[in-house]
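# Coordinate inspection notes
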Amino acid sequence: MTWSVKTICHALQLKFSGEDLMILRAASLKNCLEGNITFIKHKKFTLPLNYINRVFVVPKEYGSPPIGASYIYSDNPKLTFSDILELLYPAARPTGDNNIGPGTLIEDGAVLGKNSTIGSNCVIKSCVKIGDNCNIKSGTIIGEDGFGFEFDKSGLPIQVRHVGGVIIGNHV
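Residues numbered from 1 in each chain as written. Predicted model: local features only at pLDDT ≥ 70, side-chain atom pairs only at ≥ 80, totals over all residues. Heavy atoms only, no water.

On to the overall build of the protein chain, then. Helix and strand content of the protein chain: two helices and 18 strands. The 172 residues of the protein chain split such that 44% are buried. For the protein chain, the proportion of contacts with a sequence separation of at least 24, taken over those separated by at least 6, is 34%. (Helix = DSSP H or I, 4+ residues; strand = E, 2+ residues; numbered from the N terminus. Buried < 20%, exposed > 50% of the residue type's maximum accessible area, 1.4 Å probe, protein only. Contact = heavy atoms within 4.5 Å.)

This is the structure we're talking about:
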């Protein structure tokens, strides 16, 4: 499913400012291209004005977006970004031997173990090794920069999918 800023904001009861852009994929701030969404955690970060056709989850009262961009306002931009990832990349159901979901890209050189499941819309870079009996969730990007964890209001850590290079062992 393709998501626009307006449909994401409606689904998560958020407010936005700027263009109602279509979101093609999530990215780190460093790698954010046209059609991508990312987050800015701190109000003190100043966004360059040449970030058109991009969507940013920003702290409330961050200001207005540059022309051609969109801001989604949040009390906790990183946690909201995690919620948006769940919309963009819904979980796949594990179904058995080396099941690879639709829209998944596995680059030449990547190694996939036996009886593993790779969800929909994943990117597995060439430097990645995945062991036997693994379950990689939909929307995961392995082999690039990561986003880490964010804590919710009750102090529980919430995983924001990593997009960093790793070697994954068996039964993960």
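The discussion continues.
For the rest of this paragraph, the subject is the pairing of strand 6 (residues 55-59). Taking burial as the measure, the five residues of strand 6 include five buried ones, the bulk of the element. Note that strand 5 (residues 36-39) and strand 6 share three bridges and pair parallel. Bridged to I37 within strand 6 is V55. Examined bridge by bridge, strand 6 and strand 7 (residues 70-74) share five bridges and lie parallel to one another. Across the sheet, residue F56 finds its bridge partner in strand 7, namely Y71. (Pairing = 2+ DSSP bridges.)

So, on to the pattern of salt bridges. Under the defined criterion, the tally for this structure stands at three salt bridges. D75 is paired through a salt bridge with K60; the nearest N and O atoms lie 3.6 Å apart. Of this pair, D75 sits in the loop between strand 7 and helix 2 (77-88) while K60 sits in the loop between strand 6 and strand 7, and the two are 15 residues apart along the sequence. Here E107 and K125 are joined by a salt bridge, their closest N and O atoms 3.3 Å apart. You can see E107 sitting in the loop between strand 9 (105-106) and strand 10 (111-112) and its partner K125 sitting in the loop between strand 12 (123-124) and strand 13 (129-130), a full 18 residues away along the chain. For E107, a relative accessible area of 25% puts it in the partly exposed group. (Salt bridge = Lys/Arg side-chain N within 4 Å of Asp/Glu carboxyl O.)

Bringing the sheet that holds strand 14 (residues 135-136) into the picture now. Within the open sheet, the three strands sit side by side as 8-11-14. Their pairing is parallel. The open sheet has two edge strands, strand 8 (99-100) and strand 14, and neither has a second partner. Pairing analysis gives two bridges linking strand 11 (residues 117-118) to strand 14, with the strands arranged parallel. The partner of T117 across the bridge, within strand 14, is N135.

Where helix 1 (residues 5-12) is concerned, the buried positions are V5, I8 and C9. With its buried residues spanning 95° around the axis, helix 1 presents them on a single face. Of the exposed residues in helix 1, the ones pointing more than 90 degrees away from its buried face are K6 and H10. Close packing links the buried residues of helix 1 with strand 1 (3-4), strand 2 (15-18), strand 3 (22-23), strand 6, strand 7 and helix 2. Once helix 1 ends, the next one or two residues include Q13, with phi positive near 55°. (Arc of directions from axis to C-beta.)

Overall, mixed pairing links the five strands, which are arranged 2-7-6-5-4 in an open sheet. The open sheet terminates on both sides in strands that have one partner only, identified here as strand 2 and strand 4 (25-26). Helix-sheet contacts for helix 2 involve strand 4, strand 5, strand 6 and strand 7, and the interaxial angle to strand 5 is about 150°. (Axes fitted to C-alpha atoms, helices over the stretch in contact; angles between N-to-C directions.)

Our next topic: the side chain of R54. In this fold, R54 is placed in the loop between strand 5 and strand 6. No salt bridge is formed by the buried R54. Its closest oppositely charged neighbour is E34, at 4.9 Å. At 3.0 Å, the side chain of R54 forms a polar contact with the backbone oxygen of C32. Side-chain polar atoms of R54 contact the backbone oxygen of I52, separated by 2.7 Å. Ignoring anything within four residues of it in the chain, the contact list for R54 reads L21, C32, L33, E34, N36, G68, A69 and S70. (Lys, Arg positive; Asp, Glu negative; His and termini not counted. Polar contact = N/O pair within 3.5 Å; in protein donor to acceptor, adjacent residues only side chain to side chain.)

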